[in-house]
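Notes for the structure review
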Amino acid sequence: MSRTVIRGGLVITAAEETRADVLVEDGRVAALAAPDSAYAQGWTADRTIDATDKYVIPGGVDAHTHMELPFGGTHASDTFETGTRAAAWGGTTTIVDFAVQSVGHSLREGLDTWHEKADGKCAVDYGFHMIMSDVTTSSLKEMDTLVGLGVSSFKLFMAYPGVFYSDDGQILRAMQRGAANGGLIMMHAENGIAIDVLVEQALAEGRTDPRYHGEVRKVLLEAEATHRAIQLSRVAGAPLYVVHVSAEEAVAELAQARDKGLPVFGETCPQYLFLSTDNLAEPDFEGAKYVCSTPLRPREHQAALWRGLRTGDLQVVSTDHCPFCFTGQKELGRGDFSRIPNGLPGVENRMDLLHQAVVEGHISRRRWIEIACATPARMFGLYPKKGTIAPGADADLVVYDPRAQQTLSAETHHMNVDYSAYEGKRITGQVETVLSRGETVIDRRRFTGRAGHGRYLPRDTCQYLD
Ligand SMILES: NC(=O)NCCC(=O)O
Ligand SMILES: [Zn+2]
Ligand SMILES: [Zn+2]
């Protein structure tokens, strides 16, 4: 039996902050006890980690990543191997990635393909959501099977006609099925039909630069789709999780629904909290680095997102990590912004950026852990195995130095992408040591993990409704 003790740190969970030693036995948290207690003093261990003046936090749970996602004729540049290694560097020990159903194919085929991509490659644990690109009688039936296999959430798109798009009837049917089998519907809420009209008009008028990506994907079209998704979920009697919320008006739709007591949840991402349309407008096509959907918004929207995170109208911060290199990938859209592959890198940066938000007073320390670890674990059926520090939980633990200074940069990050969306940003705080199921994967800022350590996580249904 292997035993590790982490001594002297401030243990932070969503529920409390307490100075405690943590005993890890065989990959699980075995006990917590006051550092000066005779009980903790009596623990013997193979390894002792000194966490004096450090935080001990649960490993991050990033519930929205896209390793190797095929998009716009190319693939997201992080593989499951490079992306989960970068996640570990950033203190994230669980990812939930998206398997994709291709049009004309079954959900099962998509899931099998994603298992092949990830199996034996991951440095940290991983689960899958399912993207439904073809809602048919048979794929609706298959949803039941997938829930049974631990794929208990399904992403639908109101955007990208001809690729991932589902119409309102398909969405309603999928929601009805989810209401019956416990599958949580995750919605990409943008009116893609209207957006495609505006894209066509912009290109015809010679407005081809990256900043027009933000202009055609209007706030009103995110708000309208969010409203419509909420109404459809009410009709179906299903809960709803809206992904990558970026606009103040979309937060208002969620808040209004939640005020009525509806089981409607929202996720935002660091890029919407820290970046803006100013980045999309950077000259010499540099704005392409910031093309994602929903798009970055004018800076004024950030206050509403922070408020939503504080009040609970938004519950989760995930990364939507979907990296494409500037050279050779983002460049596919020179002269036509609609051909720029959509997505930003960030799986390595989320825990640090949210700690910076603590330092700047946007959120409390416990809320940091709640939105980045505990709630995503509960939302997607992984709690309390993941997302907290308690006896019986997986020993996914991060020793975090809240005083370390770092500067984010492509020179030093570990994501397989040739730029950082946060180049030059100064952060107070840094991951020091990371344990994944008790195994040290980052040891005082050295990678000690391995591809294949990460295990597939079959998930329960949403526990946030309990
Ligand atoms: N978000 C984004 O731009 N790319 C990834 C696909 C998605 O989440 O819609
Ligand atoms: Zn999306
Ligand atoms: Zn995404």
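Since we're looking at a predicted model, the values are computed, not measured. Within every chain, residues take consecutive numbers counted from 1 along the sequence as written. Key to labels: chains lettered from A, ligands numbered from 1, both in the order written. With pLDDT at 70 or above as the cut-off, local features in this predicted model cover only qualifying residues; side-chain atom pairs require 80 or more to be listed or tallied, and sums for whole chains, interfaces and linings still use all residues.

Runs of H or I in DSSP of at least four residues are treated as helices and runs of E of at least two as strands, each being numbered from the N terminus. Within the protein, the regular secondary structure consists of 14 helices and 18 strands. Put simply, the radius of gyration uses C-alpha atoms, and a globule should come to 2.2 Å times the residue count raised to 0.38. A globule of 466 residues ought to have a C-alpha radius of gyration of about 23 Å, and the protein, at 21 Å, matches this closely. The principal-axis extent of the C-alpha atoms belonging to the protein is close to 70 × 50 × 40 Å. Put simply, a residue is buried when 20 or more other C-beta atoms lie within 10 Å of its own C-beta and exposed when 12 or fewer do; between those, it is partly exposed, and each C-beta is set from the backbone. Buried residues in the protein amount to 55% of all 466 residues. Here the contacts in the protein between residues at least 6 apart in sequence split such that 76% fall between residues at least 24 apart. Distance between backbone-placed C-beta atoms decides contact: two residues are in contact if it is within 7 Å.

Think of each axis as a best-fit line through the C-alpha atoms, taken over the contacting stretch in the case of a helix, with angles from 0 to 180 degrees between the N-to-C directions. Close contact between helix 8 (residues 219-236) and helix 9 (residues 248-259) brings their axes to 8 Å; oriented N to C, the two are set at 20°. With respect to their mutual orientation, helix 8 and helix 9 come out roughly parallel. Taken as a pair, helix 8 and helix 9 cross one another with a handedness that is right-handed. Packed against helix 8, whose contacting residues are Val219, Glu222, Ala223, Thr226, His227 and Ile230, the element helix 9 presents Glu249, Ala250, Glu253, Leu254 and Ala257 at the interface. Partitioning the contact of helix 8 with helix 9 into residue classes produces six nonpolar, two polar and three charged. Note on terminology: angles under 35 degrees are roughly parallel, angles over 145 are roughly antiparallel, angles of 65 to 115 are roughly perpendicular, and the others are oblique. Crossings are classed by handedness, with left-handed meaning an anticlockwise turn of the near helix from the far one by less than a right angle and right-handed meaning a clockwise turn. When residues are grouped by polarity, Ala, Val, Leu, Ile, Met, Phe, Trp, Tyr, Cys and Pro land in nonpolar, Asp, Glu, Lys and Arg in charged, and all others, Gly among them, in polar.

This paragraph deals with the nonpolar core. Core analysis: the largest hydrophobic core is formed by 141 residues, its most contacted members being Val22, Val56, Met130, Ile185, Met187 and Leu240. Considering every element that reaches this core, the biggest residue donor is helix 14 (residues 365-379), with eight residues. The contacts of Met130, once residues within four sequence positions are left out, are Ala99, Gln101, Leu107, Gly110, Leu111, Leu146, Val151 and Phe154. The nonpolar core is taken to be a set of buried Ala, Val, Leu, Ile, Met, Phe, Trp, Tyr and Cys residues joined by way of C-beta atoms within 7 Å.

Right, let's get into helix 9. Expected helix span is given by 1.5 Å per residue-to-residue step, counting one fewer step than there are residues. For helix 9, spanning 12 residues, the distance from its first C-alpha to its last is 16 Å, which sits close to the expected 16 Å at 1.5 Å a residue. Where helix 9 is buried, its residues meet helix 8, strand 13 (240-242), strand 14 (264-268) and helix 12 (301-311). Directly beyond the C-terminal end of helix 9, a positive phi value near 85° is found at Gly261.

Here the focus is the environment of Ala20. If you trace the backbone, Ala20 turns up in strand 2 (residues 17-25). The buried category is assigned to Ala20, around which 23 C-beta atoms lie within 10 Å. In this structure the C-alpha to C-alpha distance between Ala20 and Ala63, which are 43 residues apart in sequence, comes to 28 Å.

This part is about the pairing of strand 6 (residues 60-65). Extensive coverage of strand 6 is indicated by the burial of six of its six residues. Two strands qualify as a pair provided DSSP detects at least 2 bridges between them. Both strand 6 and strand 9 (residues 92-100) contribute to a ladder of four bridges, which runs parallel. When the bridges of strand 9 are listed, Val61 appears paired with Thr94.

Our next topic: the site of ligand 1. Residues in contact with ligand 1, as listed here, are His66, His188, His244, Cys292, Ser293, Asp320, Cys322, Asn342 and Gly343. Each residue belonging to the shell around ligand 1 can be placed in one class, and the counts come to two nonpolar, six polar and one charged. Here is the check we use: build the C-beta atom from the backbone, and if it is within 6 Å of the molecule or strand, call the residue near.

Per the UniProt record, the feature "domain: Amidohydrolase-related" (unreviewed entry) sits at residues 55-439. Between the C-alpha atoms that bound residues 55-439 there is a distance of 18 Å. The span itself is 37% helix and 19% strand. UniProt positions are given in the numbering used here, feature names are shortened, and annotations may be inferred rather than shown by experiment.

In this section: the sheet that holds strand 12 (residues 184-188). With parallel pairing, eight strands are arranged side by side in an open sheet as 6-9-10-11-12-13-14-15. With partners counted over all chains shown, the strands left at the sheet margins are strand 6 and strand 15 (316-317), one partner each. For strand 12 and strand 13, the ladder comprises three bridges, and the chain directions are parallel. The partner of Met187 across the bridge, within strand 13, is Val242. Packing against the sheet, helix 8 makes contact with strand 12, strand 13 and strand 14, and its axis sits at approximately 170° to strand 13. Along the sheet face, helix 13 (residues 350-359) touches strand 6, strand 9 and strand 15 and points at about 115° away from the line of strand 6.

To continue, consider the pairing of strand 3 (residues 28-33). Two strands pair when backbone bridges link them, and strand 2 and strand 3 are joined in this way by five bridges, in the antiparallel orientation. The residue bridging Leu23 from the neighbouring strand is Ala31, located in strand 3. The loop that links strand 2 with its antiparallel partner strand 3 comprises two residues; one of these, Asp26, has a positive phi angle of about 50°.

End to end, helix 8 covers 26 Å across 18 residues, agreeing with the expected 26 Å (1.5 Å per residue, within 8%). Buried positions along helix 8 lie against helix 5 (168-181), strand 12, helix 6 (192-204), strand 13, helix 9 and strand 14. Positive backbone phi, at 70°, marks Gly237, one or two positions downstream of helix 8.

With that settled, consider the packing of helix 4 (residues 137-148) against helix 5. The geometry of helix 4 relative to helix 5 is characterised by a closest axis approach of 10 Å and an angle of 35° between their N-to-C directions. Crossing handedness for the pair helix 4 and helix 5: right-handed. On helix 5, the residues that touch Leu140, Met143, Asp144 and Val147 of helix 4 are Arg173, Ala174, Arg177, Gly178 and Asn181. Each residue belonging to the contact of helix 4 with helix 5 can be placed in one class, and the counts come to four nonpolar, two polar and three charged.

This part takes up the environment of Ser152. The residue Ser152 is located in the loop between helix 4 and strand 11 (153-157) in this model. Residue classification places Ser152 among the buried positions, given that 25 C-beta atoms sit within 10 Å. Taking C-alpha positions, Ser152 is 8.8 Å from Asn181, a pair spaced 29 residues apart along the chain. In this view, Ser152 contacts Val147, Gly182, Gly183, Leu184, Gly381, Arg459, Asp460 and Thr461; residues no more than four positions away in its chain are not counted.

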